[in-house]
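# Structural overview
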Amino acid sequence: MTNREKIAGKVASAPTAVRWADFLKLAETAGFTWRKGKRRNAYVLEREADQVTLTVHKPHGTNPVDPPAVRELMKAMKLR
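Notes on the structure follow. Every chain begins its residue count from 1, and numbering advances along the sequence as written. This being a predicted model, a pLDDT of at least 70 is required before a residue's local features are given, and a value of 80 or more before pairs of side-chain atoms are given or counted; all residues contribute to the totals for chains, interfaces and linings. Calculated side-chain values reflect all of the structure's heavy atoms, with hydrogen atoms and water omitted.

Moving on, we come to the sheet that holds strand 2 (residues 42-47). Taking strand neighbours across the sheet as the criterion, the three strands line up as 1-2-3 in an open arrangement whose pairing is antiparallel. Strand pairing shows two members of the sheet lacking a second neighbour, strand 1 (33-36) and strand 3 (52-57), which therefore form its edges. Along the sheet, successive strands turn relative to each other by an average axial angle of 25°, direction set aside. Whether two strands pair depends on DSSP finding at least two bridges between them. Segments assigned H or I by DSSP are reported as helices when at least four residues long, segments assigned E as strands when at least two residues long, and all are numbered from the N terminus. Where strand 1 lies against strand 2, four bridges are found, and the strand directions are antiparallel. When the sheet's bridge partners are listed, Arg35 is paired in strand 2 with Val44. Axes here refer to lines fitted to C-alpha atoms; in helices the fit is confined to the stretch in contact. Angles between the N-to-C directions go from 0 to 180 degrees.

Rendered as structure tokens:
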């Protein structure tokens, strides 16, 4: 089982408890690149191949990533 499969399994089983580092790793392995957005703590994830763009708010401290953002990433990766 690869690292991507482990993280994807963890995200699929508990989309409300995804850490920021795991979220970014999963997005990067899916072909997304990220950059800082215009607003504070806003990040833009882009995938050039199929022109998918996601805007995500980076959580403060150890708080998990917002579940709607996780669902959008899973939808873009076609895990759902």
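And the narrative resumes.
In this description, a nonpolar core means a group of buried Ala, Val, Leu, Ile, Met, Phe, Trp, Tyr and Cys residues linked to one another through side-chain atoms lying within 4.5 Å. Exposure categories follow from relative accessible area, calculated using a 1.4 Å probe and restricted to protein chains: below 20% of the type maximum is buried, above 50% is exposed, and the middle band is partly exposed. If you look at the biggest cluster of nonpolar residues, it comprises 23 residues, and the most contacted ones within it are Phe23, Phe32, Leu45, Val56 and Leu73. Counting only elements with at least two residues in this core, the list comes to helix 1 (3-13), helix 2 (20-29), strand 2, strand 3 and helix 3 (67-77). The leading source of residues in this core is helix 3, at six residues. We call two residues in contact whenever any of their non-hydrogen atoms come within 4.5 Å of each other. Once residues within four sequence positions are removed from consideration, Phe23 is found in contact with Val18, Leu45, Val56, Val65, Ala69, Val70 and Leu73.

Turning our attention to the packing of helix 2 against helix 3. Between helix 2 and helix 3, whose axes approach to 11 Å, the crossing angle comes to 20°. Accordingly, the angle class assigned to the pair helix 2 and helix 3 is roughly parallel. Between helix 2 and helix 3 lies a crossing of left-handed hand. Each of Phe23, Leu26 and Ala27 in helix 2 lies in contact with helix 3, whose residues at this interface are Ala69, Val70, Leu73 and Met77. Among the residues making up the contact of helix 2 with helix 3, the classes are represented as seven nonpolar, no polar and no charged. Note that the term roughly parallel is reserved for angles under 35 degrees, roughly antiparallel for angles over 145, roughly perpendicular for angles of 65 to 115, and oblique for everything else. Left-handed describes a crossing whose near helix is turned anticlockwise from the far helix by less than a right angle; the clockwise case is right-handed. Under the grouping applied here, Gly and all other residues not named as nonpolar or charged are polar, the nonpolar ones being Ala, Val, Leu, Ile, Met, Phe, Trp, Tyr, Cys and Pro and the charged ones Asp, Glu, Lys and Arg.

Glancing now at the environment of Asn41. Among the secondary structure elements, Asn41 is positioned in the loop between strand 1 and strand 2. With 15 residues separating them along the chain, Asn41 and Val56 place their C-alpha atoms 8.4 Å apart. Discounting chain neighbours no more than four positions away, the residues touching Asn41 are Lys36, Val56, His57, Lys58 and His60. A 3.5 Å cut-off defines polar contacts: any pair of N or O atoms within that distance qualifies, except that in protein one atom must be a possible hydrogen donor and the other a possible acceptor, and neighbouring residues in sequence count only when both atoms are side-chain atoms. Polar contacts involving the side chain of Asn41 include one to the side chain of His60, which spans 3.4 Å.

So, to be careful, I would describe these as geometric facts and stop short of saying anything about function.
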